[in-house]
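# Summary of structural features
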Amino acid sequence: MSKKEQHTTLQVPAIEHGTVIDHIPSHATLTVVKILSVLEDLVTIGINLSSHVMGRKGVVKIANRKLSPDEVAKIAIIAPRATLSIIESYEVVKKYTVTPPDVVEGIVRCVNPSCITNHETVRTRFSVAKAEDGGLRLRCAYCERAYDQEEIEIV
Amino acid sequence: MSFAGSDVISVADFSREQILHILAAAEKAERGQLPMFTSRKVMAVLFFEPSTRTRLSFESAMQRLGGTVIGFADASSTSTRKGESLFDTIRMVENYADVLVIRHPLEGSARLAAEAASPPVINGGDGANQHPTQTFLDLFAIRKTHPRFGAAGEPPLRIGFLGDLKYGRTVHSLSIALSHFPCELVFISPPSLALPRHIKEILTDRGVACVEGERVEQHIDSLDILYVVRLQKERFADQLEYERVRGAYVLQAGMLARVKPNLRILHPLPRVGEITTDVDRTPHAYYFAQAGLGVPVRQAILALVLGLV
């Protein structure tokens, strides 16, 4: 572990059991917390931590909980480079980078006010593609508008 | 290739081969070579917003194939006024018809209708999104005026678009459909009404050569097709800006002095002053003939989705 990583660890205390979501864009950190609806869980949050790769990053640690596939998909949409670590007895037993799915259903709201999905009870559906800048572009299957990941709203 | 039972929602769903198949069927329809239905077929036209041209040409097309038509021409006479959802309306109507044609002001409504209904659904326009049968009509007009269009080994056609390219859905759909064919696209508009980024991205991804400009005079002499659309006053936040730029986007006969002999001017109509009437008398005007292609193209689409051909 580098000195910088040790320093980061000190800033956000370790958890005994649970999940660590690392490499979140700082501005998206609180959205990740919101997605996880962690009202009952012990959560520690770090924002604007220094990162080799990202400059600044966010970290969210949730004690005693693993994420559902739906939650991982949502995180992948707003933080496509996030890494997830599963922690047991303070040890990382599994670590992986999230993979944005090709299609996301029911987790993103279309921000086009004229889209039928904002007027009827419809499970939204977006195709997901890599944009030129490395971010994601999401295209609504209904109104066919495409959005940068910064523009979208999670349901 | 079979289209029987298929929906027609967005040009983005169609491959080059499928588009050429539709155009071939439209040619048959125009020559009176499509068969008639041997069993009674019913088309429901569900027009939640008014449109004379699209609705009448669909009705004419269905009747020419020997089918019958039910439906409504505006939403005020339907139970949507009582608060019924589009999804429920479609689930009800699907029991009454073999094919549904829907026009609705909300974008994505036709896709939702297709998910709700078992019979084929044809999109007659969903807000600012798609109007695929207009695009097939436009492609058929290009094919009629440039008969080698779409043939293998042909040099690319140079196709210009003039006017409001930001909100003009016919421009968006046609340019995406053209990306299947060898062509160079020239987009001429005021900067504030330029082609939207999400359309440009699709064209760039598909390797289409695109040029953007503001002055039609700089490009018109090199074009094979010029597709003109209206500049709509209500699209300008500043009305003075509208008055200032509108003159630059009016096509007049005098501008055609040095154009290619085979240049043909298309327009989805209605026009409101963006092509002066003196252009009508030149051999380059094709917009009225283009409008007449609506019936054979819609005959072809109905015949295909109902499994007649």
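Residues numbered from 1 in each chain as written. Chains lettered and ligands numbered in written order. Predicted model: local features only at pLDDT ≥ 70, side-chain atom pairs only at ≥ 80, totals over all residues. Heavy atoms only, no water.

With that out of the way, let us pick up the overall build of chain B. A count of helical and extended segments in chain B gives 10 helices and nine strands. Counting over 309 residues, chain B shows a buried share of 56%. Within chain B, counting contacts between residues at least 6 apart in sequence, those at least 24 apart form 71% of the total. About 12,700 Å² of surface is accessible on chain B, with carbon and sulfur atoms providing 49% of the total. Counting 34 positive and 33 negative side-chain charges, chain B places the averaged centre of each group 4 Å from the other. (Helix = DSSP H or I, 4+ residues; strand = E, 2+ residues; numbered from the N terminus. Buried < 20%, exposed > 50% of the residue type's maximum accessible area, 1.4 Å probe, protein only. Contact = heavy atoms within 4.5 Å. Areas by Shrake-Rupley, 256 points an atom, 1.4 Å probe, with all protein chains shown as cover. Lys, Arg positive; Asp, Glu negative; His and termini not counted. Charge placed at Lys NZ, Arg CZ, Asp CG, Glu CD.)

Moving on, we get to the domain arrangement of chain B. Residues and elements named next belong to chain B. Under the domain assignment, chain B is made up of domain 1 (11-130 + 294-305) and domain 2 (133-291). One C-alpha centre belongs to domain 1, the other to domain 2, and the line joining them spans 26 Å. In this assembly, 27 residues from domain 1 lie in contact with 21 residues from domain 2. Summed over both partners, the interface of domain 1 with domain 2 buries about 2,200 Å², with 61% contributed by carbon and sulfur atoms. On the domain 1 side of the contact with domain 2, V11, R16 and L23 bury the most area, a combined 27% of that side's loss. Here domain 1 is connected to domain 2 by two salt bridges. A salt bridge links E27 to R143; its shortest N-O distance comes to 3.8 Å. At the boundary of domain 1 and domain 2, one finds eight residue pairs in polar contact (both at pLDDT 80 or more). Where the side of domain 1 that touches domain 2 is concerned, the elements lending two or more residues are α1 (16-30), α2 (52-64), β4 (121-126) and α10 (294-305). (Domains from an automatic or database assignment. Buried area = accessible area lost by both parts, 1.4 Å probe. Salt bridge = Lys/Arg side-chain N within 4 Å of Asp/Glu carboxyl O. Polar contact = N/O pair within 3.5 Å; in protein donor to acceptor, adjacent residues only side chain to side chain.)

Across chain A, the average pLDDT comes to 88, with 93% of residues at or above 70. Predicted confidence in chain A is weakest over helix α1 (residues 3-11) of chain A, with a mean pLDDT of 55, and strongest over strand β4 (residues 83-88) of chain A, with 96. (pLDDT = per-residue confidence, 0-100.)

Moving on, we get to the nonpolar core. One finds B:F161 and B:L178 to be the most contacted residues of the largest nonpolar core, which totals 63 residues. Counting residues domain by domain, this core receives three or more from each of domain 1 (11-130 + 294-305) and domain 2 (133-291) of chain B. Residues A:V32, A:V33, A:V128 and B:L86 belong to the second largest nonpolar core, which totals 59 residues. (Core = buried A, V, L, I, M, F, W, Y, C linked by side-chain atoms within 4.5 Å.)

What follows deals with the packing of helix α6 (residues 169-178) of chain B against helix α7 (residues 197-205) of chain B. Residue and element names in this part refer to chain B. Axis separation between α6 and α7 bottoms out at 10 Å; the angle between their running directions is 10°. Regarding the angle of α6 to α7, the classification is roughly parallel. Contacts between α6 and α7 involve H172, S175 and I176 on the former and, on the latter, I199, I202 and L203. Of the residues assigned to the contact of α6 with α7, the class counts are four nonpolar, two polar and no charged. (Axes fitted to C-alpha atoms, helices over the stretch in contact; angles between N-to-C directions. Parallel < 35°, antiparallel > 145°, perpendicular 65-115°, else oblique. Nonpolar A, V, L, I, M, F, W, Y, C, P; charged D, E, K, R; others polar.)

Turning our eyes to something else, we now look at helix α4 (residues 109-116) of chain B. All names here are of chain B. Burial runs high along α4: seven of the eight residues are buried. All of the buried residues in α4 are S109, A110, R111, L112, A113, A114 and A116. For α4, the elements touching its buried residues are α3 (86-93), β3 (99-104) and β4.

The subject of this paragraph is the packing of α1(B) against helix α5 (residues 132-145) of chain B. All names here are of chain B. Running from N to C, α1 and α5 point in directions that differ by 70°, and their axes come no closer than 10 Å. Taken together, the axis directions place α1 and α5 in an arrangement best described as roughly perpendicular. Where α1 approaches α5, its residues I19, L20, I22, L23, A26, E27 and E30 are matched on the opposing element by F136, L139, F140, R143 and K144. Looking at the contact of α1 with α5 residue by residue, the classes come out as eight nonpolar, no polar and four charged.

With that settled, the discussion passes to the packing of aromatic side chains. Residues and elements named next belong to chain B. Applying the stated criterion across every chain yields a total of seven aromatic pairs over all chains. For the ring pair F3 and F14, a centre distance of 6.2 Å and an interplane angle of 15° mean the geometry is stacked. Here F3 is found in the segment before α1, whereas its partner F14 is found in the segment before α1, with 11 residues between them in sequence. Take F3: its relative accessible area is 6%, and that puts it in the buried class. Between F48 and F72, the ring centres sit 5.2 Å apart and the planes meet at 80°, which makes this aromatic pair edge-to-face. Placement of F48 in the loop between β1 (42-47) and α2 and of F72 in strand β2 (residues 68-72) is noted, with a sequence separation of 24 residues between them. What makes F72 buried here is its relative accessible area of 15%. Here the aromatic cluster, defined as three or more aromatic residues joined through ring pairs, consists of F3, F14 and F136. Here R298 stacks its cationic end above the ring of F58, 5.1 Å away from the centre of that ring. (Phe/Tyr/Trp six-rings, centres within 6.5 Å; stacked < 30°, edge-to-face > 60°. Lys NZ or Arg CZ within 6 Å of the ring centre and 35° of its normal.)

A separate point is the state of the cysteines. Summed over all chains, the structure comprises zero disulfides over all chains. With no disulfide of its own, A:C115 lies 3.8 Å from the sulfur of A:C140, the closest cysteine sulfur. When its relative accessible area of 0% is taken as the criterion, A:C115 is described as buried. Cysteine B:C210 is unpaired, with the sulfur of B:C183 as its nearest cysteine sulfur at 8.4 Å. (Disulfide = S-S within 2.5 Å.)

Another aspect to go through is unusual backbone geometry. Cis rather than trans, the peptide bond between B:L269 and B:P270 has omega equal to 5°. Within the element layout of this structure, B:P270 appears in the loop between β9 (264-266) and α9 (287-291). A positive phi angle, near 60°, is found at A:H23, a position not held by glycine. Checked against the element boundaries, A:H23 lands in strand β1 (residues 18-24).

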